[in-house]
Amino acid sequence: MKLKTTLLTSAALCVATGAVAQEQASESPVAGEPMADEMTIVSWGGAYQDSQLKAYVEPYLEMNPDVSVTWDESSAEAVAQLRAMNEANNLTWDLVDVTAADAMRLCDEGLAMEVDIDDIAAPAPDGTEASEDFGEEMLVSDCFIPQIAYSYTFGYRTDVEEWGDEVPTEICDIFDLETFPGQRSLEKRPINNLEWALMCDGVPQDEIYETLETDEGVDRALAKLDTIKDQTVWWTSGADTPQLLADGEVVFGSSYNGRLFSLIVEQDQPVAMMWDAQSYDLDGWVIPEGLTEEEENRVRDFLWFATDTQRLADQAKYISYGPARASSAPMVGEHAELGVDMAPHMPTNPDNASNAFVQNYEWWADYRDDLDSRFQSWLAQ
């Protein structure tokens, strides 16, 4: 649980305001080298991708007007697509935003470049090397370039008449169809769903992954999910649950906390957040293996800029995700456009994190393919 402690410390720092914006930390190590004049960046779409665009892509392009960026919103399928590109010897991506577990899988398979974080990312403003500024808890893979900490959590409609005065406050309320009737939405993959199901079937948090290593444990999790299966809409895009909640098609749904922040705060929908048993995860960049020297130089030049202290702090001004650098946290204050204090909306805020859990990234990197297959088979039954 070391990661959880580190994130909470950063959250406390996020309350600070008024930090002075700083210029790019230093010139990138590849400045002056031949570089490609275009990049294809892969991300997740929606509010998160928009925060990346505003915080560092647009400023980078202002500094480099001859460069063009194309977005691909396929991060959810990054592992499968990079495998296919490698097999076809046809790499079309330059930089890919992935979760920590997917970074591990891609690194293990030789599909992502191993990097020295101190060669990829600028030092902190006080000269602290990037490796120390990010910290070992963020550097979970030799191929992973950290960006943000976020969580999967639940939003619910605040105007459901059938609920009366009842309000969902605990993770197991997802499975309580009597008190909280209505359609739910859950992601169409095993991660988080299996953990939440076991928690609500009486398995202590510290025994969840040990339980899931057995066929009986997976059966137990799926049996719990069976109790709400016919009341569940299965989502595949981060935009799905917010839209389903906004349209009133579901009353309760899992999503990324930043997507729900956008729905609640920016769009002013009648939705609230339920933080209990939120699942922490990390997100960052990987560089695909197989780039030309010019393509790699452009990516390295961009990353030196995009992962510096100021840029990661700027991203947190547009979305409620915690920046991966310790030096960025004190520079995050209010939302850049709404003037809303961002600290209460961070998943790492102590008021939101009392019963959070940290995904076991390495475990999922090892077991993901097998459990994906088993989960999809269960869905088809």
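Residues numbered from 1 in each chain as written. Predicted model: local features only at pLDDT ≥ 70, side-chain atom pairs only at ≥ 80, totals over all residues. Heavy atoms only, no water.

Asks: What is the right way to look at the pattern of salt bridges in this model?
Replies: Any two side chains of opposite charge can pair if their charged atoms end up close together. For the coordinates displayed, the defined rule picks out 18 salt bridges. With a closest N to O distance of 3.1 Å, Glu 337 and Lys 54 form a salt bridge. Here Lys 54 lies in helix H2 (residues 46–63) and Glu 337 lies in the loop between strand E9 (322–323) and strand E10 (357–358), a separation of 283 residues in the sequence. Given the relative accessible area of 52%, Glu 337 is considered exposed. (Salt bridge = Lys/Arg side-chain N within 4 Å of Asp/Glu carboxyl O. Helix = DSSP H or I, 4+ residues; strand = E, 2+ residues; numbered from the N terminus. Buried < 20%, exposed > 50% of the residue type's maximum accessible area, 1.4 Å probe, protein only.)

Asks: Would you mind showing me how to read the packing of helix H9 (residues 215–226) against helix H14 (residues 361–380) here?
Replies: Two packed helices can be described by the angle between their axes and the distance between those axes. Close contact between H9 and H14 brings their axes to 12 Å; oriented N to C, the two are set at 35°. Considering the relative orientation of H9 and H14, their crossing is right-handed. Contacts between H9 and H14 involve Asp 215, Val 218, Asp 219, Leu 222, Leu 225 and Asp 226 from the first element and Leu 371, Arg 374, Phe 375 and Trp 378 from the second. In the contact of H9 with H14, the residues fall into six nonpolar, no polar and four charged. (Axes fitted to C-alpha atoms, helices over the stretch in contact; angles between N-to-C directions. Left-handed = near helix turned anticlockwise from the far one by under 90°. Contact = heavy atoms within 4.5 Å. Nonpolar A, V, L, I, M, F, W, Y, C, P; charged D, E, K, R; others polar.)

Asks: Any chance you could explain the state of the cysteines here in plain terms?
Replies: Simply put, disulfide is the name for a covalent bond between the sulfur atoms of two cysteines. By the definition in use, this model includes two disulfides. Paired by a disulfide, Cys 107 and Cys 143 hold their sulfur atoms 2.0 Å apart. Taking the sign of the torsion about the S-S bond as the criterion, the disulfide between Cys 107 and Cys 143, at about 65°, is right-handed. Taken together, the residues Cys 107 in helix H4 (residues 100–108) and Cys 143 in the loop between helix H6 (130–134) and strand E4 (145–157) connect sequence positions 36 residues apart. Take Cys 107 and Cys 143: they sit in the same class, and that class is buried. One disulfide bridge connects Cys 172 with Cys 200, the sulfur atoms lying 2.3 Å from each other. Between Cys 172 and Cys 200, the disulfide has an S-S torsion of -105° and is therefore left-handed. A residue pair is termed long-range when its members are at least 10 positions apart, and Cys 172 in the loop between E4 and strand E5 (184–187) and Cys 200 in the loop between helix H7 (193–199) and helix H8 (208–212) qualify at 28 residues. Sequence-ordered numbering of the bonded cysteines in the protein chain gives a pairing of 1-2, 3-4. (Disulfide = S-S within 2.5 Å.)

Asks: What should I look at first to understand unusual backbone geometry in this one?
Replies: Most peptide bonds are trans, and most residues other than glycine sit at a negative phi. With a phi close to 75°, Asn 192 is a non-glycine residue in the positive phi region. Locating Asn 192 in the fold gives a position in the loop between E5 and H7.

Asks: Which parts of the structure should I look at to understand the confidence of the model for the protein chain?
Replies: Predicted coordinates in regions of low pLDDT should not be interpreted in detail. For the protein chain, per-residue confidence averages 91 on the pLDDT scale, and 93% of positions sit at 70 or higher. In this model residues 1–22 is a low-confidence stretch, pLDDT under 50, and it forms 46 contacts with partners more than four residues away in sequence or in other chains. (pLDDT = per-residue confidence, 0-100.)

Asks: Is there a simple way to think about the side chain of Ser 151 in this case?
Replies: In this structure, Ser 151 sits in strand E4. A polar contact of 2.7 Å, which involves the side chain of Ser 151, links it to the side chain of Gln 278. If sequence neighbours within four positions are ignored, Ser 151 has contacts with Ser 255, Tyr 256, Asn 257, Trp 275, Gln 278, Ser 279, Tyr 280 and Pro 347. (Polar contact = N/O pair within 3.5 Å; in protein donor to acceptor, adjacent residues only side chain to side chain.)

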